[in-house]
2 protein chains.
Amino acid sequence: MLIEEYVLQLGKNAKKVTSKLAGLDSATKDRALLAIAEGLKRNLVRILTANKEDVVKGIANGLQSNFIERLSLDEERIESMITGLRELVKLEDPIGDVEKMWRRPNGLEIGQIRIPLGVVAMIYESRPNVTIDAAALCIKTGNAVILRGGSEALLTNQVLVEVIREALEELALPPDAVQLITFSEREAVLALMKMNDYVDVLIPRGGAGLIKTVLNNSTVPVIETGVGNCHIFVDQTAEIESARQIILNAKTQRPSVCNAVETLLVHKEIAPLFLPPCGDDLKRVGVQIRGCPQVRKYIPWAKEANDEDWETEYLDLILAIKVVTDFDEAVSHIARFGTRHSESIITTDYYHARRFLQVVDAAAVYVNASTRFTDGYQFGLGAELGISTQKLHARGPMGLEALTTLKYIIYGNGQTRE
Amino acid sequence: MLIEEYVLQLGKNAKKVTSKLAGLDSATKDRALLAIAEGLKRNLVRILTANKEDVVKGIANGLQSNFIERLSLDEERIESMITGLRELVKLEDPIGDVEKMWRRPNGLEIGQIRIPLGVVAMIYESRPNVTIDAAALCIKTGNAVILRGGSEALLTNQVLVEVIREALEELALPPDAVQLITFSEREAVLALMKMNDYVDVLIPRGGAGLIKTVLNNSTVPVIETGVGNCHIFVDQTAEIESARQIILNAKTQRPSVCNAVETLLVHKEIAPLFLPPCGDDLKRVGVQIRGCPQVRKYIPWAKEANDEDWETEYLDLILAIKVVTDFDEAVSHIARFGTRHSESIITTDYYHARRFLQVVDAAAVYVNASTRFTDGYQFGLGAELGISTQKLHARGPMGLEALTTLKYIIYGNGQTRE
């Protein structure tokens, strides 16, 4: 009950400052971002000391090494947070834009103006840079944010949020624009998910388990992010050299992220020519292959794939490969096992390219490119809060606009309805 | 369990036709709408007979007269459904529009294309015209729809959906594009709210109770519609004649709908001049007034308002009135008691007009006009599925675009990420 009251209080604090934040002009918000960048610089030692404590604890608690890697900060990583803040300053502030405005026959002028969502809550796991990214994007869009990072990063996040709040206070801006939930208990997250009166949207960023819990329990509207069981379909007419490079890139350039490819589908007509060199490419960089029986004809060292492989997001140097009879089988496989994140076809066939773009249901559908481009920076949005795999509100990489909504404004001169 | 399986089957049927529906061209979809219009005409007697049975049952079951009124069809109401379908044909089909497309430095061409949501589920109460409206809007946008109307309109809705499905079959289109849940049990709705694998969005249309139940129980994304505790603030500088007409219109032109005004806020400086004639206007047309003590100084016959009045959506010829000290008190009152639907200020003060538009948080914010204009047709959207009072995805009157989403399409020529 104590925890619930605490989280409720954070919600009330956030709500209280929304109106002030919504009214800030762009220059003031950008000054706040630069002040945070300065603060990070000035407090380097303080941040690294807190982070070291988190890391030592994490190791003592037996956290996996990839977890520790994501948790750890060094000067370079803080420098990249600072660069991110400076880049964000350069982006255009979407708040206050009137997207359209039209006049009705009765003289009413009706427009849609872009405004902040209000209070954003963010639940995430180990990486402390999300703390800075999320706070900065919310400040830039005039939203208040309530952060709930992973318990293993608590000390780091506490210092980062202190630095942010100090910067806001320096500029006489309300520090409650950015608040951190410091309770590690699960009850804190549950409370957050039910605070419809104080939280406008909840964004979970992390593993499939976290996202599922939030989707099943939240009455606050949720933006679902990130699980990616992505496919590449090598069509009969693919250029083999290009396909090999794309697959190598999509699997190995950074295997631990959601836009890495997990299953390769290969047209049976091109399989004899394509699979042997592709297998060699992958072997050379240490990728394990789980293949269907036909794949194992061409890549004898591949392990046999079972049904589970088709639905697994490995996030690792493992690739499932299946030979398919035709375009339709590839598309059906994606419809059945895909998570609607990123899907790509490698082809030189005009109609197949068009049909793939049309019928495949995913946030991002590619022709002849690596799935690894599904990313706010790569798309040119300039910033990213996560990748939405849902259909409502925002789909794909979420930039500043995903943190805004539109309201109708109507200028009249006494109109009444007939 | 039987009911759950039945609803699940409808979900599967719907999902199965989504790809076909998404690929239909505009001309085909418009032909379907015209075929439905023809079907309604041809089956007039059949529809009216079924409706009569519903009405007789409703009266026998002691339904309130306003319920019976909303349930009842006659030739004119069916004619207006037919007109609605023909108007919808004239609107532009948003599906397939590429909203933007840009080229990245690496040569990738990235665009956003408008596509259907997929499967829409709609839960609504007595009015049978919603059956036709919802089906038609979903067909026009290439969505499959699962309808769950009020049990008191079941026979009418069954015939209407039969007519729709017959029209689709005539054109060799999949009839499962439009399905009706014929079970009246609550379990059917509960099942629908958990079908995340088969339903992309759930839209409840009806009273506050229905909407709350859906919000609290649905794991499927919801678009919240309609509760409207709308305010008009008569500022110190308001033109009194214009204010009187706007208030009369907003309260009495159709009191039973969500965009009717429920509370009037009056600046204390204008109260002595404004309230007596305004009270007379309202008395003349039979509007009851619930006022604060100051109001009762100027309108002695007004009843005393209590706290509950400030939060009540009367949907009736009753108006709450409160005298406020200044602009800020009016805005605070709206922030506290408003339901974020429609809010209006009557003023001649430039800065108050601008500030009201900026700080009031609602789907539609007006200056010098009746709140009754918050409506898809009045806004010029050409069609309306309901009025969203939430912030994500769609806010305010929802037209065709609210039933669509965007997906990223990316044209490459072998790009890999560095």
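This one's a predicted model, so the numbers in the text were calculated from it and none came from an experiment.

In terms of helices and strands, chain A carries 15 helices and 16 strands. Principal-axis analysis of the C-alpha atoms places the extent of chain A at approximately 70 × 70 × 40 Å. In chain A, buried positions account for 53% of the 418 residues.

So, on to the nonpolar core. In terms of nonpolar packing, the biggest core is built from 263 residues, with Ile36(A), Leu202(A), Ile36(B) and Leu202(B) touching the most fellow members. Non-local contacts of Leu202(B), meaning those with residues more than four positions away in its chain, are made with Ala121(B), Ile123(B), Leu192(B), Met193(B), Val214(B), Ser218(B), Val220(B) and Val222(B).

All names here are of chain A. Between helix α5 (residues 75-90) and helix α6 (residues 129-140), whose axes approach to 10 Å, the crossing angle comes to 15°. Put simply, α5 runs roughly parallel to α6. For the pair α5 and α6, the sense of crossing is right-handed. Listed contacts from α6 to Arg77, Met81, Gly84, Leu85 and Leu88 of α5 are Asn129, Ile132, Asp133, Ala136 and Lys140. Tallied by class, residues from the contact of α5 with α6 come to five nonpolar, two polar and three charged.

Residue-level contacts link 55 residues of chain A with 55 residues of chain B. Elements represented by at least two residues in the side of chain A that touches chain B include exactly α9 (208-217), α10 (240-252), α15 (350-359), β13 (364-369) and β16 (404-415) of chain A. The leading source of residues in the side of chain A that touches chain B is β16(A), at 11 residues.

We now examine the sheet that holds strand β3 (residues 119-124) of chain B. Residues and elements named next belong to chain B. Taken in spatial order, the four strands of this open sheet run β5-β4-β3-β6, and their pairing is parallel. Each having just a single partner strand, β5 (178-180) and β6 (201-205) make up the two edges of the open sheet. Strand-to-strand twist in this sheet, taken as the mean axis angle between neighbours without regard to direction, amounts to 20°. The sheet contact formed by strand β4 (residues 144-148) and β5 spans three bridges and is parallel. Bridging from a neighbouring strand, Leu147 pairs with Leu180 of β5. The sheet strands contacting helix α8 (residues 186-193) are β3, β4 and β6, and the helix crosses β4 at an angle near 150°.

Turning our eyes to something else, we now look at helix α14 (residues 327-337) of chain A. Residues and elements named next belong to chain A. Of all the residues in α14, the buried ones are Phe327, Ala330, Val331 and Ile334. Buried residues of α14, viewed axially, fall in a sector of 95°; they line one side. Opposite the buried face of α14, at more than 90 degrees from it, the exposed residues are Asp328 and Arg336.

This part takes up the environment of Glu185(B). Within the secondary structure layout, Glu185(B) lies in the loop between β5 and α8. For the pair Glu185(B) and Ser151(B), spaced 34 residues apart in sequence, the C-alpha to C-alpha distance is 8.7 Å.

So, about the relation of the copies chain A and chain B. When chain A is fitted onto chain B, the two copies agree to an RMSD of 0.0 Å after a turn of 180° and an axial shift of 0.0 Å. Both copies are brought into coincidence by an operation consistent with a two-fold rotation axis. Among all residues of chain A, the one whose C-alpha sits closest to the rotation axis is His393(A), at a distance of 1.8 Å. A shared interface surface links the copies, since 100% of the contact residues of chain A are contact residues in chain B too.

Moving on to the sheet that holds strand β3 (residues 119-124) of chain A. Residue and element names in this part refer to chain A. What the four strands build is an open sheet, ordered β5-β4-β3-β6; its pairing is parallel. The open sheet has two free edges, formed respectively by β5 (178-180) and β6 (201-205), since each of these has just one partner strand. Each strand axis lies, on average, 20° off the axis of its neighbour in the sheet, ignoring direction. With five bridges joining them, β3 and β6 adopt parallel strand pairing. Note on β6: the bridge partner recorded for Tyr124 is Arg205. Docked against the sheet, helix α8 (residues 186-193) engages β3, β4 (144-148) and β6, running at close to 150° with respect to β4. In this fold α9 packs onto β3 and β6, with an angle of close to 160° to the strand it touches most, β6.

All names here are of chain B. Between the first and last C-alpha of helix α2 (residues 26-42) there are 24 Å, a value that for 17 residues agrees with the 24 Å anticipated at 1.5 Å per step. Of the positions making up α2, those classed as buried are Lys29, Asp30, Ala32, Leu33, Ala35, Ile36, Ala37, Gly39 and Leu40. The elements touched by buried residues of α2 are α3 (44-60), α5 (75-90), α6 (129-140) and α7 (154-170).

Here we take up the domain arrangement of chain A. Many analyses report the size of an interface as the accessible area lost when the parts associate. By domain assignment, chain A separates into domain 1 (2-225 + 398-411) and domain 2 (230-373). Between the C-alpha centres of domain 1 of chain A and domain 2 of chain A there is a distance of 36 Å.

Another aspect to go through is the pairing of β3(B). All names here are of chain B. Burial analysis of β3 places six of its six residues in the buried class, the great majority of the element. Across the two faces of β3 the burial is the same, with Val119, Ala121 and Ile123 and Val120, Met122 and Tyr124 all buried. Relative to β4, β3 runs parallel, the two being bridged by five bridges. Paired with Ala121 across the strands is Ile146, a residue of β4.

The bulk of non-glycine residues show a negative phi, and the bulk of peptide bonds are trans. Residue and element names in this part refer to chain A. Positive phi, close to 55°, is recorded for Leu315, a residue that is not glycine. Summarising the element assignment, Leu315 is placed in the loop between α13 (307-310) and β11 (318-324). For Leu315, a count of 17 C-beta atoms within 10 Å corresponds to the partly exposed category. A positive phi angle, near 70°, is found at His393, a position not held by glycine. Within the secondary structure, His393 sits in the loop between β14 (387-388) and β15 (396-397).

For the rest of this paragraph, the subject is the environment of Thr374(B). Looking at where Thr374(B) falls in the secondary structure, it is placed in the loop between β13 (364-369) and β14 (387-388). In this structure, Thr374(B) is in contact with Asn259(B), His341(B), Ser342(B), Ala363(B), Ala364(B), Ile387(B), Gly396(B) and Pro397(B), ignoring residues within four places of it in sequence.

We now examine the environment of Gly382(A). Residue and element names in this part refer to chain A. When you line up the elements, Gly382 lands in the loop between β13 and β14. Sequence separation of Gly382 and Leu275 is 107 residues, and the distance between their C-alpha atoms is 37 Å. Gly382 has contacts with Glu87, Leu91 and Gly399, leaving out every residue within four places of it along the chain.

Residues and elements named next belong to chain B. It is at 9 Å that the axes of helix α1 (residues 2-22) and α8 come closest, and there the two elements cross at 50°. Taken as axis vectors, α1 and α8 run oblique relative to one another. By crossing handedness, the relation of α1 to α8 is classed as right-handed. Here Ile3, Glu4, Val7 and Leu8 of α1 lie close against α8, whose contacting residues are Glu187, Ala188, Ala191 and Leu192. Class assignment for the residues of the contact of α1 with α8 results in six nonpolar, no polar and two charged.

This prediction gives chain A a mean pLDDT of 95; 100% of its residues lie at or above 70. Scoring of the predicted complex yields 0.91 for pTM and 0.91 for ipTM.

Turning our eyes to something else, we now look at the pairing of β4(B). Residue and element names in this part refer to chain B. In terms of burial, β4 is a largely internal element, five of the five residues being buried. Going residue by residue along β4, you find Ala144, Ile146 and Arg148 tucked away on one face and Val145 and Leu147 tucked away on the opposite face as well. Considered for its hand, the β-α-β crossover made up of β3, α6 and β4 is right-handed. Following the chain from β4 across α7 to the adjacent parallel β5, one finds a crossover that is right-handed.

Analysis parameters
Residues numbered from 1 in each chain as written. Chains lettered and ligands numbered in written order. Predicted model: local features only at pLDDT ≥ 70, side-chain atom pairs only at ≥ 80, totals over all residues. Helix = DSSP H or I, 4+ residues; strand = E, 2+ residues; numbered from the N terminus. Buried ≥ 20, exposed ≤ 12 C-beta atoms within 10 Å, placed from the backbone. Core = buried A, V, L, I, M, F, W, Y, C linked by C-beta atoms within 7 Å. Contact = placed C-beta atoms within 7 Å. Axes fitted to C-alpha atoms, helices over the stretch in contact; angles between N-to-C directions. Parallel < 35°, antiparallel > 145°, perpendicular 65-115°, else oblique. Left-handed = near helix turned anticlockwise from the far one by under 90°. Nonpolar A, V, L, I, M, F, W, Y, C, P; charged D, E, K, R; others polar. Pairing = 2+ DSSP bridges. Arc of directions from axis to C-beta. Least-squares fit on C-alpha atoms with pLDDT ≥ 70 in both. Expected span 1.5 Å × (residues − 1). Domains from an automatic or database assignment. pLDDT = per-residue confidence, 0-100. Right-handed = clockwise from strand over helix to strand, strands pointing away.

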